Amino acid sequence: MMTSIRKWRSISLVLLATCTLTTSEIDARRKPQPHVIVIDALAASHPFPHFWERMFGSGRAILSLRDSYRRDLHAVKEITGFDYLRFHAIFHDEVGVYDEDSQGQPLYNFSYVDQIYDGLLTNGVRPFVEISFMPSKMAARNILHTFWYKPNISPPKDWEKWDGLIAAFTKHLVDRYGVDEVAQWYFEVWNEPNLDFWAGDPKQATYWELYDHTARAIKRISPQFRVGGPATAQAAWVDAFIRHCIEENIPVDFVSTHVYANDLPEDVFGSHADVPRDQMIGRAVSKVHDQIKASSLPGLRLIWSEFNASYKTDPEVTDSIYMGPWLAQMIRQCDGLVDMMSYWTFSDVFEEQGVVKTPFYGGYGLIAAGGIPKPAFNAFKLLHKLGDERIQLDSDSTLLTRRKDGTLVLALWNYAAPQETGSLKTVTLRLANSNANQASILRVDSDHGDFHSAYEKMGAPRYPTRAQLHDLRQAAELPAPEVRQLHQKELTLTLPGHGLAIIELK
């Protein structure tokens, strides 16, 4: 009994002490303390090329002739300075490259090819040439993919005619643009032959045949030209592809493959282990990087010619502020493992599932129909500001870099899964070995660079008027940077869930 009395007395004293706390003291106890990140400007560093923004994917070749496509291309070029563009179907019948006369002899027409590639080069972007798909008059069978524009995925009926097409196409590029220019392009053979984009049977062996013919035909025009593959989905076939090229003495200058953040682990790694959306691409890139290094051609370049947070049309993912932290996280994980990555895609001028029915349907692009920048566009705009030297930092939600002029630039984010809102994250940045005394802060979150609030207020129209499109573009614009002075070399800031910030320290 005495023990119970003592216990109640102790509890009463604790409660009494709590009641005597001031309101500010209670709030201080409830509020989580800021996480302190020490930024040491003299910490170890390494080169940090902007591999994530050197190339973009897009809708099929013929779409590049549209004015809306070219305006979006110019806008993304302006914020990233990207170098290469990849798209499907340069040999689709709608481009008019291949025909045959009444005797079955090949007829070539490169009129649209010239307009397509001229349009890229005029915008300061070079082609990453995906060799696809099969012209109908060259196809062994009429096998059409389910995409709305129905590409033919058949092998050729005559390999000699295929070799002739590749040779004529490549030679025409040389005649128009010169060897030195075309030597700076890339030639990738086909698209995702391990899936339903290739009807050869068996898939791998017949793709090897396609690759061998194509690579040799290109190299016969000029050994300087860069050719590679296997352009697979799900990071597949890479080790086997390299072995095949070595054993058969087939030219190869780079390896290319794809992974999306919601690909299944069993498809990518042959495992049922859970791989979160924010780790899938980093792990897949690491897997392929290690396969190349373990091969007899360890110096092969790795080009990730498609990636995104989803291979589905998910508005809560690709149209949302989720993309900022997800992209920053992926960049952090892939640093040093890949030469170039191609975000799929730069624009929603895109018709694989048919004509766009509403501006915000979860399209892959950075810019929605009507020229409306999405949060992903603004995330790329912010991350472009990172320097080209990465400085070591003990944090899994930051990237610390330095520009050539000495400015420190920090990316800071608050990741949460798409279906979660996430909680506030408060961070105190503490500088060491730096003379910086001022911070310039740009953000992408629900209050900065996001059109959603404005779109909902106007009733989410399926067909926004021209005036509404203007208002949505304005709502998507980033506000001016917030400028704050550092106090005792420290800066404290709070990020909402799915928030991304870039802090320039000067």
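Placed above this text is the structure.
Let me sum up the structure you'll find in this document. What you see is a predicted model; the values in this text were computed from it and never measured.

With respect to the side chain of Glu53
Along the chain, the position of Glu53 falls in the loop between β2 (45-47) and β3 (55-57). We note that Glu53 is buried and unpaired, the nearest opposite charge coming from Arg54 at a distance of 8.8 Å. A distance of 2.6 Å separates a polar atom in the side chain of Glu53 from a polar atom in the side chain of His50. Non-local contacts of Glu53, meaning those with residues more than four positions away in its chain, are made with Thr80, Phe82, Phe380 and His384.

Side note on the sheet that holds strand β12 (residues 340-343)
Strand order around the closed barrel formed by 8 strands is β3-β4-β7-β8-β9-β10-β11-β12, with parallel pairing between neighbours. Neighbour-to-neighbour, the strand axes of the sheet open up by a mean angle of 25 degrees, direction not taken into account. With 5 bridges connecting them, strand β10 (residues 254-258) and strand β11 (residues 301-307) associate as parallel partners. For Thr257, the partnering residue across the bridge sits in β11 and is Trp304. Here helix α7 (residues 203-221) sits on the sheet in contact with β7 (126-131), β8 (186-189) and β9 (226-232), set at roughly 165 degrees to β9.

A closer look at the nonpolar core
Ranked by size, the top nonpolar core spans 122 residues in total, and within it Tyr117, Trp162, Phe169 and Trp304 carry the most contacts. In terms of residue count, the dominant contributor to this core is helix α5 (residues 159-177) (9 residues). The contacts of Trp304, once residues within four sequence positions are left out, are Ala235, Thr257, His258, Val259, Ala284, Val285, Val288, Val338, Met340, Met341 and Ser342. Within the second largest apolar cluster, 23 residues are counted, among which are Ile37, Ile391, Ala501 and Leu505.

Reading guide: rules and limits
- Residues numbered from 1 in each chain as written.
- Predicted model: local features only at pLDDT ≥ 70, side-chain atom pairs only at ≥ 80, totals over all residues.
- Heavy atoms only, no water.
- Helix = DSSP H or I, 4+ residues; strand = E, 2+ residues; numbered from the N terminus.
- Buried < 20%, exposed > 50% of the residue type's maximum accessible area, 1.4 Å probe, protein only.
- Lys, Arg positive; Asp, Glu negative; His and termini not counted.
- Salt bridge = Lys/Arg side-chain N within 4 Å of Asp/Glu carboxyl O.
- Polar contact = N/O pair within 3.5 Å; in protein donor to acceptor, adjacent residues only side chain to side chain.
- Contact = heavy atoms within 4.5 Å.
- Pairing = 2+ DSSP bridges.
- Axes fitted to C-alpha atoms, helices over the stretch in contact; angles between N-to-C directions.
- Core = buried A, V, L, I, M, F, W, Y, C linked by side-chain atoms within 4.5 Å.

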